[in-house]
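A structural walkthrough
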Amino acid sequence: MARILLIEDSPTDTAVLTQLLERNGHQVLASGNAEDGIETCKREKPDLVMMDVVLPGMNGFQATRALSRDAATSTIPVLIVSTKGMDTDKAWGMRQGARDYIVKPPREDELIARINALLGA
């Protein structure tokens, strides 16, 4: 079981993704914006961060860059989960330090497979 930090501003997406992750044995921490998410990540040291891109205030690309460049959080893999599905979005997300990028809504089996791959499970 992994501890996964979900940084997502949509209550509906948060509920759906939390249920999906918990159903697959993971513990979920949730944050509704990037700034709080970064602080939670530093404090809680989750095994993985699932990051939305479109967030109030700082966006997910900026937050991913902040986490990947901070020595305290740089080893925590970031999986971007976003409605922004263009190849340029994916490439930009990976350049900011994300380890993987999946477009919403993710299929449960594909999302869990990618999480397991990032966690080395």
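Quantities reported herein were computed from a predicted structural model and do not represent experimental measurements.

Let us look at unusual backbone geometry. In this structure, the amide linkage connecting K104 to the following residue, P105, adopts the cis form with an omega of -10°. One can find P105 in the loop between strand 5 (100–103) and helix 5 (108–119). Phi at K45 is positive, roughly 50°, even though this residue is not glycine. The residue K45 is located in the loop between helix 2 (34–44) and strand 3 (48–51) in this model.

As a further point, take the nonpolar core. Within the largest apolar cluster, 18 residues are counted, with the highest numbers of intra-cluster contacts made by V49, M51, L67 and I80. For this core, the elements supplying multiple residues, two or more each, are strand 1 (3–7), helix 2, strand 3, helix 3 (60–69) and strand 4 (78–82).

Let's shift gears to the UniProt feature "domain: Response regulatory" (unreviewed entry) in the protein chain. Per the UniProt record, "domain: Response regulatory" (unreviewed entry) is annotated on residues 3–119. Overall, residues 3–119 shows 47% helix and 20% strand. The separation of its end C-alpha atoms is 10 Å.

Among the secondary structure elements, V53 is positioned in the loop between strand 3 and helix 3. It is 8.0 Å that separates the C-alpha atoms of V53 and T83, two residues lying 30 residues apart in sequence.

Attention now moves to helix 2. Restricting attention to buried positions, one finds in helix 2 the residues A34, G37, I38, T40 and C41. Along the axis of helix 2, the buried residues cluster in a sector spanning 165°; they form a single face. Close packing links the buried residues of helix 2 with strand 1, strand 2 (27–31), strand 3 and helix 3. Measuring from the side-chain oxygen of the N-cap residue of helix 2 to the backbone nitrogen of E35 gives 3.2 Å; that N-cap residue is N33. Once helix 2 ends, the next one or two residues include K45, with phi positive near 50°.

Its location among the elements puts T75 in the loop between helix 3 and strand 4. Along the sequence, T75 and L5 sit 70 residues apart, while their C-alpha atoms lie 14 Å from each other.

In the numbering adopted here, UniProt assigns the feature "modified residue: 4-aspartylphosphate" (unreviewed entry) to D52. Position of D52 among the secondary structure elements: in the loop between strand 3 and helix 3. Judged by relative accessible area, which is 4%, D52 ranks as buried. Not counting residues within four places of it along the chain, the set of residues in contact with D52 comprises I7, E8, D9, G60, V81, S82 and K104.

Rules of the game
- Residues numbered from 1 in each chain as written.
- Predicted model: local features only at pLDDT ≥ 70, side-chain atom pairs only at ≥ 80, totals over all residues.
- Heavy atoms only, no water.
- Helix = DSSP H or I, 4+ residues; strand = E, 2+ residues; numbered from the N terminus.
- Core = buried A, V, L, I, M, F, W, Y, C linked by side-chain atoms within 4.5 Å.
- Buried < 20%, exposed > 50% of the residue type's maximum accessible area, 1.4 Å probe, protein only.
- UniProt positions renumbered as here; feature names shortened; annotations may be inferred.
- Arc of directions from axis to C-beta.
- Contact = heavy atoms within 4.5 Å.
- Polar contact = N/O pair within 3.5 Å; in protein donor to acceptor, adjacent residues only side chain to side chain.

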